[in-house]
Amino acid sequence: VAATDPNLSDVVKTWTVRGNAHAFTPYGLSAGAQYYFRVRAINGSAGSGWSAPAVTKVPATTVPLRLMTYNLLAAVSDGTRRDGGERVADWAPDRRDAAAGLVRTADPDVLVIQEGLSHIGGYGNITQAASLVKALGGDWTLADNGDSTSDTFVAYRRGRFTPVQGAGGTITLPPDRRGVSWHAAYQLLQYAGGGPRVLVVSAHLLADKADDRGRQREAVVLTEKVEALARQWDAALVYGGDFNSHERHAFDGPGVTLAQHRVPDAYDVAPTVVNGQYNSANKYLRTPPKASCHIDHIFAGPGVAVTRWQLLLRLSGSKFAGTIPSDHNPLVADLLLPS
């Protein structure tokens, strides 16, 4: 809760977060004003005592950022069957156009992509990520991730952001048990017109379902490296990607690591959640699974508020309508960054 007096008798706003989120950035308060905050935990109908009050002033202004994360399902999977699901449709043009339609529906400012490395013959032999950005048209631009072996990418709207030159690239993560290294791309963006900077990260962690500790090792390396860059560049920090981990695993290595760095999952702290009952991995099944299991995540760095979280899918009744774009459903989060 937030109040204007130290005794917290004049409560002006209350927020509720889910799961085990241990960090939260308040929003919707008067810019420049001083507020007193306190928190408590609730388990079912039982609540803990209130914490001691903390006091702070609200930043003068915030700026909005709509972030989407999308694992495209590599085009090398075209024609195969995924997890007992349907035959995967061809990327170009069928899945590509369906994916582009979902992106346009959400109208994000920034799009982070995983499994976008496959080269698409007959379309200029460009990467799958580049072919999606080309299909989106307009002012969509794909940042250079600097690594021809990485399947992670960051795309952005030129009319809304300017890339900071020399402040983008790829982080190679520790190898998995087979000796294969996964990746994360990053790009420092500045709001058009000289606004604040935000470091955007697109991560793809190892897919071995049994190797939760391996994903934790990757997350430790990732957070250490990108947080150092964010400090160096004085930028807000946001993550999106396929972390291949969720609460149903024996151990959520990435979730634990990000929580230790006070970086909550947007799903846990968003007051508005849309389609949260659907899994982010749909297994290319015509009827999408509904167990609220999300292996794709958006994480909001310190000082970044989350106002909305949504999983996107186009249904007719309870089934996918038309071409299924990927075996992942894209996620979108509305964020507020300090200016």
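About the criteria used
Residues numbered from 1 in each chain as written. Predicted model: local features only at pLDDT ≥ 70, side-chain atom pairs only at ≥ 80, totals over all residues. Heavy atoms only, no water. Core = buried A, V, L, I, M, F, W, Y, C linked by side-chain atoms within 4.5 Å. Buried < 20%, exposed > 50% of the residue type's maximum accessible area, 1.4 Å probe, protein only. Helix = DSSP H or I, 4+ residues; strand = E, 2+ residues; numbered from the N terminus. Contact = heavy atoms within 4.5 Å. Phe/Tyr/Trp six-rings, centres within 6.5 Å; stacked < 30°, edge-to-face > 60°. Lys NZ or Arg CZ within 6 Å of the ring centre and 35° of its normal.

Participant: Lay out the nonpolar core with the relevant residues and their values.
Facilitator: Within the largest apolar cluster, 36 residues are counted, with the highest numbers of intra-cluster contacts made by Leu 65, Val 110, Val 198, Val 200, Leu 335 and Leu 337. Of all the elements, strand E22 (residues 331-338) adds the most residues to this core, at four residues. Ignoring anything within four residues of it in the chain, the contact list for Leu 337 reads Thr 61, Thr 62, Val 63, Leu 65, Tyr 191, Val 198, Ala 236 and Val 304. Counting 24 residues, the second largest nonpolar core, distinct from the first, contains Leu 188, Leu 199, Ala 219 and Tyr 239.

Participant: Tell me what's going on with the packing of aromatic side chains, and back it up with residues and numbers.
Facilitator: As enumerated under the stated definition, the model contains eight aromatic pairs in all. On the basis of an interplanar angle of 55 degrees and a centroid distance of 4.6 Å, the ring pair of Phe 161 and Tyr 191 is categorised as tilted. Taken together, the positions of Phe 161 in strand E13 (residues 161-172) and Tyr 191 in strand E14 (residues 183-191) put the pair 30 residues apart, joining distant regions of the chain. Residues Phe 161 and Tyr 191 agree in their burial class; the two are buried. Three or more aromatic residues joined by ring pairs form one cluster here, namely Trp 15, Phe 24, Tyr 27, Tyr 35 and Phe 37. Above the plane of the ring of Trp 50 lies Arg 38, whose end atom (NZ or CZ) is 4.6 Å from the centre. Seen from the ring of Phe 251, Arg 213 lies directly overhead, with NZ or CZ sitting 4.2 Å from the centre.

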